[in-house]
Amino acid sequence: MALRVLVKGAVNLPAMDRGGTSDPYAKLIYSGKTFQTKTIKKALNPTWNESFEFTVKAPVPGDAALLIRVYDKDFIGKDELIGKVDLLLKEIKKQGYNIDGKYPLVDEDGKPTSGSISLAVQFDDPEREFGEDEADGAEGATEDGNEDEDDEDVEMDDEEDGGGETTTADGGRRRGRSRRRHAAAARKATRRKQRRDDMVTKFPDKELDFQVRVHIIEARRLVSKFQPLDPVVSVFVGNQSRQSRVVQDTDQPYWDEMFFFELKMKPVDIFDQMMRIHVDHSRTFRKNARIGLFELDLGTIYIEDDHAFVHKWLLLTNPAIASQDAKGFLKVSLVVLGPGDPAVQLPQLVMDDQVDIESNLLRPTGAQLQQGVLQVKVFRAEDVPRMDVGFFSGLKSLFTRRKEEIDLVDPYVEISFAGKKARTDYHKENANPEFNQKINLGIRVPSMCERIRVRIIDRDSGLGAINRDDIVGTRYIPLSHISVPGDEGFLPHFGPAYVNLYGAPRKFDITDEYDYLNEGKMEGAAYRGRVLLEIGTTIGPMKGTEPVETLTSDEMVQVVPFLRRRKFVVHAVFFGASMVSEKDGVVEFELSVGNYGNQLDGAAMLQPSTTQALTPTYNGNYYYYMSWNERKPCCRITCQWEDVTHRLEALSVLANTCGRLASGIKRVKELLDFEASAKQCASAVIQVLNVLLDDLAPQNTIQPPDRKSHTTTKLDLKLYEVRKAVMSAVIREATELRDNATDVGEALEKCDELLSRLKALVYEAQNSFPDIVIWMLSSKKRIAFVRIPAYKLLFSKRALARGNLCGECVTVNLKYHGKKGESAKSPQLPAQLRVKMWLGLAEDESDWNKSHELGSIAVFAETYENQSKMPLIGWKDAVGRPNWTGSLGKVSMPREAFKEPDGWTWGGAWDAVPPHSYSGNRDSDIDSFQDDIFEYQMRAPGVNWARSESTFGDVGGNINKEIENLENIEAPPNWQWIDSEWGVDINRAVDEEGWEYTVDDILSGYNPSERVYHLTRRRRWLRSRQKTTKDEKEAEKAQMKAFEMWEYARVFRAEAKYHFKARTFDMARRRRWIRKLVAGPSAGPAHFEFEHKKDIYIESPRMSLVFDQPYSYELRAYVYQARGIRSGDESGMSDAYCRVSFQHRSLQTRVISETVMPTWDETLVFDNLHLCEDPRQMLKNPPEVVVEIFDKDTIAKDDFLGRVGSPVFVHANAGVQPALQWYTIKHLSEESGQLLAAFHLIATSENPAIKMQQLPKPPQTREKKYIVPSGIRPEMQRYRIEMLTWGIRDMKRFQALTIGNPAVQLECCGEIKATEPIEDMKKNPNFQKSTLVFESIYLPKKKIYCPPLNIGVVDHRSFGRKPLVGLHCVRNLERYQYSSALSPPPMSTPKEAREKGKTFSPEAADEPVAVVAEIDPDKKDEEKFDWWSKYYASIGNASAALKVGDYSKYYEDRIQIYNSNLEDVDEFERLSDFLETFPLMRGNWQGENSRTI
């Protein structure tokens, strides 16, 4: 066999040299042999026209490929790769053994370049029959693309022949084509049979061992009348079967499970053996539960390359249904291995819709996929961010008189689906291009591909490596959101509507560390523009259709009604920011929607969208917080978008309905957990169903699209019909359930099913309103963010259609963007916000203004008075900045320059006020506080640290010369030290001595690793103190008056950290002045204009929500115990403690050593809490407590084990106490145990919603710690625990040594019992004495509080070492609990039963029982009745019972008859109740070292 290649040339190669050219040559590689073309100097469109020939040896591997590499010849250094392309030989065979075309080049990372190479390849295969297509279908299965390609080839032959049938009427032409199709199919069948015969003859005619491997990967587009689907896969090979796990509530399940079948048969039989793969709905295995199936014989698999189908899609059909329509697609790998066959290495899974998966389809004979065309109309794009640095534009402005405003982006849109892609033309230097083009992609209907990828790409034409097209943003449109499969479904349709793109924060540099976010593989953090699209689908081949067409004028006009904009307003009030991670710089928060409110990019008009820049305040324990006191900063954004409120309201209705139903189900489950009465549970279920039916009533639920008030699309109408059909079915079933339900458990299961069906409707593909984004900024850098969908904040006059967060004070957790946010090395929250938000039309803004009953919105003009300290003179005019500026100090803003905005008037004179960051003493209202101070050392280059003197200061680097050593620091007045001495904080990113290093503490950040060039280092010292008196109000007022509103810093800088007490080296100070503004009847947007560098600078006034007096509360956190937490140490245990954070305060529990089920039994008291929130809203959306669990390490940093976020318990009735609940502990997205706790917020001052409560007495103390009080802690009962330890099996080595003398340790509630060690595991792995008994142990009465049981294995080694080598945690002991209620009833005679007036019947018995009855002496006849009499009486066989007498007259006991094996009866637990196997784990739980041993 030979492979001949003609390398013609290349076009549009990227320039790799500085002169804007390249010296390209091509290199061809196959099977270790290499050819190379000549080098064409200084060319981007080289022409080679060189031919090469490779020898190909049989058999050809399935992954054999021809590799083409294009390099730039460099005379100094290594040649640079310009681009590459790989051609698989099997793809060349599929295309008729001859290809001639232009192939795009990709770079080393697989990203497309601008270049392409022209090749002609001929593959001569002697096994190939003349005119036969290489479509290795199978008997009963056809590889997709091949049969259709045969049809197309036949049609082309007919047209090219020009004689015979081609000139007859249509019927004759069709008959000619049909004959050619049958001839091609016959040739394929003949070739398949020949290959099968050849394979069979290579084996001896006797029984041999074969192995069949089936890898079930995933399924897509499953179609069934059952909704929601719980699919399960069953595989049958011969008389063997395997079944996958059940994936619930999805029509796109993912399994990734491997099955093995061992067969011993003759080769001729194994090749005819059938494999059947069924996909069923798991909730019932009736015949009509079948979704689809696929069948093929094993010979079909064996004759493939490597005897395998790898990552193939199976088209599922249902033979029980007359139509052969596709019922879904299943992705599998199938392997058949015979004696001596090497095992195939399955490639890594590629979870990407953009690979050509439709050409990888196997389908049964007769099943058809229709050809179709996916049409995507691309009208325009908006807000495309700048992608180029603009270096040359800057040079051009130097030589011209005018400065040109150029959009430094050359965008085009790329549409990709099912491995096919096409793109529009690019528009040079245009951030808002109009494309007006239609992209046509050939598809198969139905398609197993799920997502359409939409990308905006910036075309680059720079030099060298910069010459790569950059991805601006990516958005995936799920096909399941714009189409519905099945007979009552519809083809994909979308729009016209805008598609919003998200990605990395905008950064206009050559390199961007977050550019991978633009690829759509992770959650995008920032708005990156939008595209106006319309998607449609037509049935039929794509012949004669161009991939890219220009839209007609009629098509352009049709989209105009969808471009109308309306004015929207976004409001936010920031009540608090806690757990702030950024402590080395000033911090502010930014509110944005699209480009509106974005302060750093300058792409939109300046608006009051940020809070004041403040330095975070240390909370005395661990975290930092933002102090805003009684003036809560407000942000307001006005923006214009399309009116899609009808879509967002429908989404809110569905989301709120699902939320209310889920809350009701949760309440019922809590009643069951707390063992409420059956009447209470039944009443709660009825209430849940009544609320659901009320929500689905016509006046409350979604409304039909109104074409008069909104522009509607075809998808709007179709989606409404689908939603109404599902909701009508839910109403019908919920009504029937309410009227006929008899069992609470079954009713709950049905409610869960209804909830799943409604949740499947909560999506909106045509939501063109961008998400609202809150950013945390530090030193003008974006640190963390949170994205909130617009429908959750949208105001509506209909209560159920209003967003569930609209106008509500809620807790949101920010997260880092990019990989840092998903890294286990960054477990800390960037910040937690307590914020109130509102979104709505400008005409509805009055609703927002009415929502602040306990606070008032105040608008202030703000400026800062600046002064510098001059030697010998003192404080005078500022140096380096104007005397009056804004907070950043860049623009001069004297008080007289502020002019009243139109419609606004001044509400008073200018007044000096405390700075935003002032909150009095940071230890006010706190009984205990942890002081911190930083030790600084500086050295000259080349000097050792030992010669450096230490100085002490704060985190901002402000040195306090009064402190010479730590021992001389005295506790403040009214305080006393708790710790005997200062200790170094090593629980941070520091070295083992607590040091962190930097070149300069002003210009750069700190690093835990020392370098030669580091000149400064610091470490943090901590010491706790306790308050002796609580009267500090007068001291605070005196301090506030003393500093006269000034705040000080070393020098004036935008990122300077200010403090209130002047220090020796402070050379700058500033004071804040404000003046109130009052809005008139015709008030418009308020802003002030100032002259700045011959330009106009616009400043927005500050807005605040002002409270007269905060409300006082006390929080009590009852932390009882945890179970199943992660193992922090290699021993498999943890030294666990909890850090509880609420608002700006945090406290810690004690450390429980060497356990994974710690019991803390502590009450943490947060007293003197001052919250400025409406108490009525607090009842509805209470603040959230964060509990973080750590493993204490004495040397290294404490390991993070997980986090719990829970709303506190707030009740209007002062006497109601909270109940302990189990909360799931999360580590990133994984579950890592459960925490038993409760959190009670108690009002200590009068407020309109919550009665002032008399504080309960402090709980009892243990080790100077409050314990959980009685009434909240579980009620205990004495139990006896017995465990039969039979033996240990399959133990792996620990620390390179075998397990020789293991023993089992049983731990429960802090008590430990251990077996005697096994003397020799090799000789006898069983225990001599196998019973472990806790004679008396106290456990909770309620089942919900049932504690965990730890089963540990320790190995007894020399020198007294006993390492823990394995661990298993039994989380729930309820299933092992023995109850007297399970024992059989006492024996009784019919006479005793008659005396008690009871009649026994098997139907009334809860469980089958055996009763030995005593016979009446007067009627006793032992000869008359036997066992068969009882049997016939039990089954109700009257005729047989008469033959042996009337048994029922004398006996009432019966036999329970089962129609199946006892192993299949649930109450007998499959006869496995005697012994149970517990798998042992070792190492960090689910970490790098975790494994089952």
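Residues numbered from 1 in each chain as written. Predicted model: local features only at pLDDT ≥ 70, side-chain atom pairs only at ≥ 80, totals over all residues. Heavy atoms only, no water.

Enquirer: Describe the pairing of strand β20 (residues 411-417), with residues and values.
Expert: Of all seven residues in β20, seven are buried; the element is thus mostly enclosed. Of the pairings in the sheet, the one linking β20 to strand β23 (residues 451-458) comprises six bridges and is antiparallel in character. Residue pairing across strands places Tyr412 opposite Ile457, the latter belonging to β23. As defined by bridge partners, β20 adjoins strand β21 (residues 420-423) across four bridges and the pair is classed as antiparallel. Each bridged residue has a counterpart across the sheet, and for Ser416 the counterpart in β21 is Lys421. Adjacent in sequence and paired antiparallel, β20 and β21 are bridged by two residues, among which Ala418 carries a positive phi angle near 55°. (Buried < 20%, exposed > 50% of the residue type's maximum accessible area, 1.4 Å probe, protein only. Helix = DSSP H or I, 4+ residues; strand = E, 2+ residues; numbered from the N terminus. Pairing = 2+ DSSP bridges.)

Enquirer: Quick one: what's the story with the environment of Ala572, residue by residue and with numbers?
Expert: Counting through the fold element by element, Ala572 comes out in strand β28 (residues 565-580). A relative accessible area of 1% places Ala572 in the buried class. Considered as a pair, Ala572 and Met837 are 265 residues apart in the sequence and their alpha carbons are 4.3 Å apart. Non-local contacts of Ala572, meaning those with residues more than four positions away in its chain, are made with Leu591, Pro633, Cys634, Cys635, Val835, Lys836 and Met837. (Contact = heavy atoms within 4.5 Å.)

Enquirer: I'd like a rundown of the packing of helix α9 (residues 645-673) against helix α10 (residues 678-695), residues and numbers included.
Expert: Where α9 contacts α10, the two axes come as close as 9 Å, and the packing angle between them is 180°. By the angle between their axes, α9 is roughly antiparallel relative to α10. Of the residues in α10, those touching α9 at Thr657, Arg660, Leu661, Gly664, Ile665, Val668, Leu671 and Leu672 are Gln680, Cys681, Ala684, Val685, Val688, Val691, Leu692 and Asp695. By residue class, the composition of the contact of α9 with α10 is eleven nonpolar, three polar and two charged. (Axes fitted to C-alpha atoms, helices over the stretch in contact; angles between N-to-C directions. Parallel < 35°, antiparallel > 145°, perpendicular 65-115°, else oblique. Nonpolar A, V, L, I, M, F, W, Y, C, P; charged D, E, K, R; others polar.)

Enquirer: Help me get a handle on the sheet that holds strand β29 (residues 587-593), residues and values and all.
Expert: Taken in spatial order, the four strands line up as β29-β33-β34-β36 in an open sheet, and their pairing is antiparallel. Single-partner strands in this sheet number two, and they are β29 and β36 (815-816). Where strand β34 (residues 781-788) lies against β36, two bridges are found, and the strand directions are antiparallel. What sits directly across from Ala784, in β36, is Tyr816.

Enquirer: Outline the pattern of salt bridges, supporting the account with residue identities and numerical values.
Expert: Under the defined criterion, the tally for this structure stands at 52 salt bridges. Its salt-bridge partner being Lys377, residue Glu555 comes within 3.4 Å of it at the nearest N-O pair. With Glu555 in helix α8 (residues 553-558) and Lys377 in strand β19 (residues 370-382), this residue pair connects regions lying 178 residues apart in the sequence. Per residue, the accessibility class of Glu555 equals that of Lys377, and both read buried. Close ionic contact of Lys521 with Glu519 constitutes a salt bridge, the shortest N to O distance being 3.6 Å. Owing to a relative accessible area of 66%, Lys521 belongs among the exposed residues under this scheme. (Salt bridge = Lys/Arg side-chain N within 4 Å of Asp/Glu carboxyl O.)

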